[in-house]
Amino acid sequence: MQTSRQMWDIVLQKTIPVRVKVFSKAEAEKGSHVYVHTAQRSTILGLRVDEEQCRRSEEMLKLEHRALHEKETRSKGGITRIQFFLIALVFSFAYYIFPGYLFQILSSLSWLCWLAPKSILVQQLGSGMCGLGIGALGFNWTTISSYLGSPLANPWFASANVAVGFVLVMYVMTPLTYWYNVYNAKTFPIFSSSLFTQNGTKYNTVGVIDVYFQLDKAAYNQYGKLHLSTFFAMTYGLGFAGLSATLVHIFLFHGRFPKQKWIRLIHMPVLLGATAMMPPASSVNYTSWLILAFLSGYVVYRRWPHLWERYNYVLCGGLDAGTAFIAVLLFISLQSKDISVDWWGNNVDGSCPTAKGVIAKGCPAIL
């Protein structure tokens, strides 16, 4: 049996969209100290427990436990959860061979790029891997769940916070900064994790490192400063903004502030830190994840709650398990031996510079 303290630890871990450690139930009810840890930082915060969020989290915990542990009898013409799990596992196992090996373009379908493959602007807008990802979708479970986890396992209010933050950063802040050419942003790709020279070519980091793997200042001064893509620089700034936003969020949303329930569902640190995984995550990872999170956490949960309750977490586990098994098998048997299929279906969209005179293989250029 779990103690009351352990149960509150679990509930708050599911309620707050970061990993949380609560010292006791009494402390949590009083809004006292909670230890919050994310991939970037750790801090001590004062949080109050929102009853609606706790209720939803407790409900999800019960469903997770029942998913494969509850004994059930197969009804006539129906299937049990275990049978549904095995079906999902076999399906994901068989399907992954296409986006994972034979038809990799399924990982990022950017239909805008197909309409105008030689247009730099269209590539910037539509590329799911190296652009804003407008209309880009990924039909690959690893594309969907590799960075943000399974979209089936999150309550919709948490996914909605991620969605708002992603839209603000990707479709408002980044385009404004880029097309107003702030700090010569147009010289570099709009989205890239690479380092660049002043004229937009790739930065040769090996050339500025000595034999002891230390920065060679003389070589660096001769080669020039390194530059980041617009979006990459934006995420660095938002990382620092998230630190102060955490304290402001506590003051505004857990103090004497309007008591509307929807306000308590807003998490400013999550909004600002929504794109913390980008890069290496790309826009198609987020757009695909958010669409599935909306369909599962909002549409199905509200319209067909009995189906959501019975199959949601079972489906999540089956997709994860089947994809993991076939991914390991493909790597050991084929990819580790450099055995691949060379055809257009495996040509996933790439990244191109946009400054005049910058030439890159396979990219359109402005001369």
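Conventions used here
- Residues numbered from 1 in each chain as written.
- Predicted model: local features only at pLDDT ≥ 70, side-chain atom pairs only at ≥ 80, totals over all residues.
- Heavy atoms only, no water.
- UniProt positions renumbered as here; feature names shortened; annotations may be inferred.
- Helix = DSSP H or I, 4+ residues; strand = E, 2+ residues; numbered from the N terminus.
- Buried < 20%, exposed > 50% of the residue type's maximum accessible area, 1.4 Å probe, protein only.
- Patch = residues over 30% accessible without salt bridge, like charges linked within 9 Å, V, L, I, M, F, W, Y side chains within 5 Å.
- Areas by Shrake-Rupley, 256 points an atom, 1.4 Å probe, with all protein chains shown as cover.
- Salt bridge = Lys/Arg side-chain N within 4 Å of Asp/Glu carboxyl O.
- Expected span 1.5 Å × (residues − 1).
- Arc of directions from axis to C-beta.
- Core = buried A, V, L, I, M, F, W, Y, C linked by side-chain atoms within 4.5 Å.
- Contact = heavy atoms within 4.5 Å.
- Phe/Tyr/Trp six-rings, centres within 6.5 Å; stacked < 30°, edge-to-face > 60°.
- pLDDT = per-residue confidence, 0-100.
- Bend = angle between axes of the 7 residues up to and from the residue.
- Axes fitted to C-alpha atoms, helices over the stretch in contact; angles between N-to-C directions.
- Left-handed = near helix turned anticlockwise from the far one by under 90°.
- Nonpolar A, V, L, I, M, F, W, Y, C, P; charged D, E, K, R; others polar.

Heading Sequence similarities (unreviewed entry) of the UniProt record for the chain holds this comment: "Belongs to the oligopeptide OPT transporter (TC 2.A.67.1) family." UniProt annotates the chain under Subcellular location (unreviewed entry) with the comment "Membrane".

This paragraph deals with the overall build of the chain. Scanning the chain from N- to C-terminus turns up 15 helices and three strands. Put simply, the chain has 367 residues, and 41% of those count as buried.

The grouping of Val-164, Leu-168, Val-172, Met-173, Leu-176, Tyr-180, Val-182 and Tyr-183 at the surface amounts to a nonpolar patch, some 820 Å² of accessible area in total. Topologically, Val-164 is positioned in helix α9 (residues 156-179).

The subject of this paragraph is helix α4 (residues 81-95). The end-to-end C-alpha distance of α4 is 21 Å, a good match for the 21 Å that 15 residues give at a rise of 1.5 Å each. Listed in full, the buried residues belonging to α4 are Arg-81, Phe-85, Ala-88, Leu-89 and Ser-92. Burial along α4 is one-sided: seen end-on, the buried residues are contained in an arc of 100°. Exposed residues on α4 whose side chains face more than 90 degrees from its buried face are Val-90 and Phe-91.

Our next topic: the nonpolar core. Of all hydrophobic cores here, the largest spans 26 residues; its most connected members are Val-162, Met-170 and Met-278. Only α8 (141-145), α9, α11 (230-253), α14 (283-303) and α15 (305-333) provide two or more residues apiece to this core. A per-element tally of this core places α9 first, with six residues. Residues contacting Met-170, with those up to four places away along its chain left out, are Gly-131, Leu-132, Pro-175, Phe-191, Phe-231, Met-278 and Ser-283.

A full pass over the atoms with the stated rule returns 17 aromatic pairs. Ring geometry for Phe-166 versus Tyr-171: centroids 5.5 Å apart, planes at 80°, classification edge-to-face. On the accessibility criterion, Tyr-171 (28% relative accessible area) is partly exposed. Ring geometry for Phe-166 versus Tyr-286: centroids 5.1 Å apart, planes at 15°, classification stacked.

On to the side chain of Thr-287. Structurally, Thr-287 is set in helix α14. Assessed through its relative accessible area of 11%, Thr-287 is described here as buried. Residue contacts for Thr-287: discarding those within four places in its chain leaves Gly-133, Ala-136, Phe-166 and Tyr-171.

This part is about the confidence of the model for the chain. On average, residues of the chain score 76 in pLDDT, and 71% of them reach the 70 mark or higher. When mean pLDDT is compared element by element in the chain, α14 scores highest at 93, while strand β3 (residues 42-46) scores lowest at 35. Note that pLDDT drops below 50 for residues 1-49; the model gives that stretch 86 contacts with residues more than four away or on any other chain.

The next subject is the UniProt feature "transmembrane region" (unreviewed entry) in the chain. Here, UniProt's "transmembrane region" (unreviewed entry) annotation points to residues 84-105, 125-144, 156-180, 231-253, 262-278, 284-301 and 313-334. In residues 125-144, helix accounts for 30% and strand for 0%; the two terminal C-alpha atoms are 20 Å from one another. The straight-line gap between the two end C-alpha atoms of residues 284-301 is 24 Å; of that span, 100% is helix and 0% is strand.

The terminal C-alpha atoms of α15 lie 42 Å apart, and with 29 residues this matches the ideal 42 Å at 1.5 Å per residue to within 8%. The largest bend in α15 is about 40°, located at Tyr-311.

Right, let's get into unusual backbone geometry. In this chain, Pro-279 is followed by Pro-280 through a cis amide linkage whose omega measures 20°. In this fold, Pro-280 is placed in the loop between α13 (268-273) and α14. Backbone geometry at Asp-338 places phi at a positive 60°, although glycine is not the residue there. With respect to the secondary-structure elements, Asp-338 resides in the segment after α15. For Asp-338, a relative accessible area of 69% translates into the label exposed.

For the rest of this paragraph, the subject is the environment of Ile-82. Here Ile-82 lies in helix α4. Sequence-wise, Ile-82 and Val-314 are 232 residues apart; in three dimensions their C-alpha atoms are separated by 7.9 Å.

As a packed pair, α4 and α15 sit with axes 7 Å apart at the nearest point and diverge in direction by 35°. In the crossing of α4 with α15, the sense of the turn from one axis to the other is right-handed. In the contact of α4 with α15, the residues fall into 13 nonpolar, five polar and three charged.

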